[in-house]
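Single-letter residue listing:
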Amino acid sequence: GNHYGLEGMTAVKDYAFEHVDFDYLIYPVDRRNYASRNIAQALGGFIRKEYKEINLSGNELDTLEYHIFKEEPTDIKYPVLLFQGDSITDCGRDRTKYYDLGNGYVSKLVGKLNHCIILNRGVSGDRTCDLLERWEEDTIKIAPDFLSIMIGVNEVWHRYKHGKVLTPQEYKLNYIKLLEEVKTKLPLTKILLIEPFAYPIGEYDKRWQKDLDEERMIVRELADKYADYFIPMQDVMNEYKKKYKMKDVLGDGVHPTDLGHRIIKQEILNKIEFKMNNDIKI
């Protein structure tokens, strides 16, 4: 859990790229070993072979053979799934590492979606105005095949707790700018919109509710016009209140617990269609 594997293999890759003449490095890993698969994918590896083998302990391995090319091959294109948002998406990711997914719902998608590249660009504290400032670098340049956006609770939180006013009307205008840019520059990108949500506990302030309700209606309206997928997450969370204590799902009324992140993960998976071989179909 300290990323020593990634650190060590990055050093091996860097040394090889500088000192060794080769076409590609071979990185075999068992299909079920998601931590090691993350390393291979973080190093830019592509799956080129799949086979069964017996290891030295006599156990059968379902091996995926990643090839890490010195020059990226043009005949392979894994779909890129990009997740954008605030702290709920960020969830402690190391922003100095391109492929770090944090500890929340995005990281829980690993192993559920095969043969794709998952990227997390959530930033704690962000509002739609902050997304606009980094949209070109963190979304347009990445050119994802699939883009998920979950943003809005900070517009309300910061307005009533810190005096940083961003009204629902401004939220809508900012959101439209974000989506219009994607539709204009990345017309093939599939879009998932997830509405903001909260429980009336912890950090929640009852003054939030009117703005939150407006934001949810805005996201639903924009999803009808711009999105391929939409998750009414407040409705989902309200259903889970019937089975769990609110603090067991959203610890402070806003930020999901591990259970909350698992709920979000499953809702996203429910919105994505799969081929028989479990490749993502977008």
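Above: the structure in question.
Because the structure is predicted, anything quoted here is derived from the model rather than measured.

*Asks:* Which parts of the structure should I look at to understand the overall build of the protein?
*Replies:* Looking only at helices and strands, one finds 11 helices and 10 strands in the protein. Evaluated residue by residue, the protein yields a buried proportion of 49% over its 282 residues. Across the protein, contacts joining residues at least 24 apart in sequence account for 72% of those joining residues at least 6 apart. With an accessible surface of roughly 14,200 Å², the protein has 49% of that area assigned to carbon and sulfur atoms. The average position of the 42 basic charges and that of the 47 acidic charges among the side chains of the protein differ by 5 Å.

*Asks:* For this particular structure, what's the right way to read unusual backbone geometry?
*Replies:* The phi torsion of most residues other than glycine is negative, and most of the peptide bonds are trans. Backbone geometry at C91 places phi at a positive 45 degrees, although glycine is not the residue there. Topologically, C91 is positioned in the loop between α3 (87-90) and α4 (105-108). The backbone of A143 sits at a positive phi, close to 50 degrees, despite the residue not being glycine. Along the chain, A143 falls in the loop between α5 (128-140) and β6 (146-150).

*Asks:* Explanation requested: the pairing of strand β4 (residues 80-85) in the structure shown.
*Replies:* In the case of a regular strand, side chains alternate between the two sheet surfaces. Summarising burial for β4: 6 of the 6 residues are buried, a large majority. As defined by bridge partners, β4 adjoins strand β5 (residues 117-120) across 4 bridges and the pair is classed as parallel. Bridge pairing in β5 links V80 to I117. Sheet analysis places β4 next to β6, joined by 5 bridges and oriented parallel. Along β6, the bridge assignment pairs G85 with M150.

*Asks:* For this particular structure, what's the right way to read the nonpolar core?
*Replies:* Within soluble globular proteins, side chains that are nonpolar generally end up buried alongside one another. F83, I118, M237, I264 and I268 are the most contacted members of the largest nonpolar core, which has 39 residues in total. Ranked by residues supplied to this core, first place goes to helix α11 (residues 258-271) with 5 residues. Apart from the residues within four sequence positions on either side, F83 is in contact with T89, Y105, V106, L109, I118, L119, N120, R121, G122, F146, S148 and I268. Ranked by size, the runner-up nonpolar core spans 25 residues in total, among them L119, Y171, L193 and A227.

Cut-offs and rules
Residues numbered from 1 in each chain as written. Predicted model: local features only at pLDDT ≥ 70, side-chain atom pairs only at ≥ 80, totals over all residues. Heavy atoms only, no water. Helix = DSSP H or I, 4+ residues; strand = E, 2+ residues; numbered from the N terminus. Buried < 20%, exposed > 50% of the residue type's maximum accessible area, 1.4 Å probe, protein only. Contact = heavy atoms within 4.5 Å. Areas by Shrake-Rupley, 256 points an atom, 1.4 Å probe, with all protein chains shown as cover. Lys, Arg positive; Asp, Glu negative; His and termini not counted. Charge placed at Lys NZ, Arg CZ, Asp CG, Glu CD. Pairing = 2+ DSSP bridges. Core = buried A, V, L, I, M, F, W, Y, C linked by side-chain atoms within 4.5 Å.

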